[in-house]
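Residue-level structural notes
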Amino acid sequence: MSKRFEDFIKNNREEFDEIEPSADLWSKIEQSLNMPEELPKKLETKTFSLAFVLRVAASVIVVMGIGFGIYLQSQKGAKTVDLAAINPEYAKQQMHYASLVETKLTELKSVAKADPQLYKEFSAEIAKMDSTYKRLNADLATSPNQERVLRAMIRNLQVQTEVLNQQLSVIEQFNQMKKDQKDEIKNI
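Anyway, here's the lowdown on the structure attached to this text. (Residues numbered from 1 in each chain as written. Predicted model: local features only at pLDDT ≥ 70, side-chain atom pairs only at ≥ 80, totals over all residues. Heavy atoms only, no water.)

**Brief notes about the pattern of salt bridges**
The final tally for this structure, using the stated rule, is five salt bridges. One salt bridge in this structure joins D7 and K3, with 3.9 Å as the shortest N-O distance. In this pair, D7 and K3 both sit in helix α1 (residues 3–11), four residues apart, roughly one turn of the helix. We note a salt bridge from K128 to E125, for which the minimum N-O separation is 3.8 Å. (Salt bridge = Lys/Arg side-chain N within 4 Å of Asp/Glu carboxyl O. Helix = DSSP H or I, 4+ residues; strand = E, 2+ residues; numbered from the N terminus.)

Structure (structure tokens):
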């Protein structure tokens with residue numbers, strides 16, 4: 001300490017001793033020393049059973065699997081290509097022929113009740129062409145020459161339309177022939 005500070009304390013010692021602690025202060029200190037100290041509570045450690053851990057792990061795996069499946073589905077749907085961006089004219093033709101094929105297929109299905117065997121044969125042919133169309137549609141996203149694939153898709157739809165028209169014509173002729181035979185039998 002500095003000399004001045006020590007001198008100040010020595011000269012004013014009486015003024016510092018003016019306030020004294022209470023008499024019961026020492027007794028309170030003694031009581032607190034004699035009291036047994038309370039130990040802080042130990043935190044309870046939690047243990048998990050193996051079954052619980054396995055259930056949690058299985059739940060996490062299931063949730064991750066579902067998430068991955070959804071991700072794959074979204075990626076599968078993302079592969080569709082905007083046909084109008086490739087060639088707007090071809091896109092219009094594709095829409096036109098696709099709607100024609102749907103209309104003709106609906107007509108063909110209405111005839112299925114009259115002759116299921118004939119419908120089965122006709123629908124097998126259309127199914128083959130439709131699988132080719134779907135394969136072309138899947139290849140469209142990765143093809144370096146998308147316009148060429150789009151033309152092939154349109155040509156496939158045109159052929160499907162022609163085949164469906166021929167099939168419907170055959171069915172109509174077949175039904176007309178049946179009707180004529182019934183009329184001849186009635187006339188006899």
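**Brief notes about a nonpolar patch on the surface**
A cluster of nonpolar side chains, F48, F52, V53, V56, V60 and M64, forms an exposed patch at the surface whose accessible area comes to about 570 Å². Along the polypeptide, F52 turns up in helix α4 (residues 50–77). (Patch = residues over 30% accessible without salt bridge, like charges linked within 9 Å, V, L, I, M, F, W, Y side chains within 5 Å. Areas by Shrake-Rupley, 256 points an atom, 1.4 Å probe, with all protein chains shown as cover.)

**Here's the deal with the packing of helix α7 (residues 116–140) against helix α8 (residues 146–187)**
Interaxial distance between α7 and α8 falls to 9 Å at its minimum, and their mutual angle equals 170 degrees. With respect to α8, the axis of α7 lies roughly antiparallel. Its residues assigned to classes, the contact of α7 with α8 comprises 17 nonpolar, six polar and two charged. (Axes fitted to C-alpha atoms, helices over the stretch in contact; angles between N-to-C directions. Parallel < 35°, antiparallel > 145°, perpendicular 65-115°, else oblique. Nonpolar A, V, L, I, M, F, W, Y, C, P; charged D, E, K, R; others polar.)

**Let's talk about the nonpolar core**
A general tendency of soluble globular proteins is for nonpolar side chains to be buried together. Within the largest apolar cluster, 22 residues are counted, with the highest numbers of intra-cluster contacts made by L108, L140, L150, M153 and I171. For this core, the secondary structure elements donating two or more residues are α5 (83–86), α6 (88–111), α7 and α8. When residues of this core are assigned to their parent elements, the largest contribution, eight residues, is made by α8. Discounting residues that sit within four places of it in the chain, M153 has contacts with Y133, L136, N137 and L140. (Core = buried A, V, L, I, M, F, W, Y, C linked by side-chain atoms within 4.5 Å. Buried < 20%, exposed > 50% of the residue type's maximum accessible area, 1.4 Å probe, protein only. Contact = heavy atoms within 4.5 Å.)

The analysis is restricted to geometry; functional conclusions fall outside its scope.
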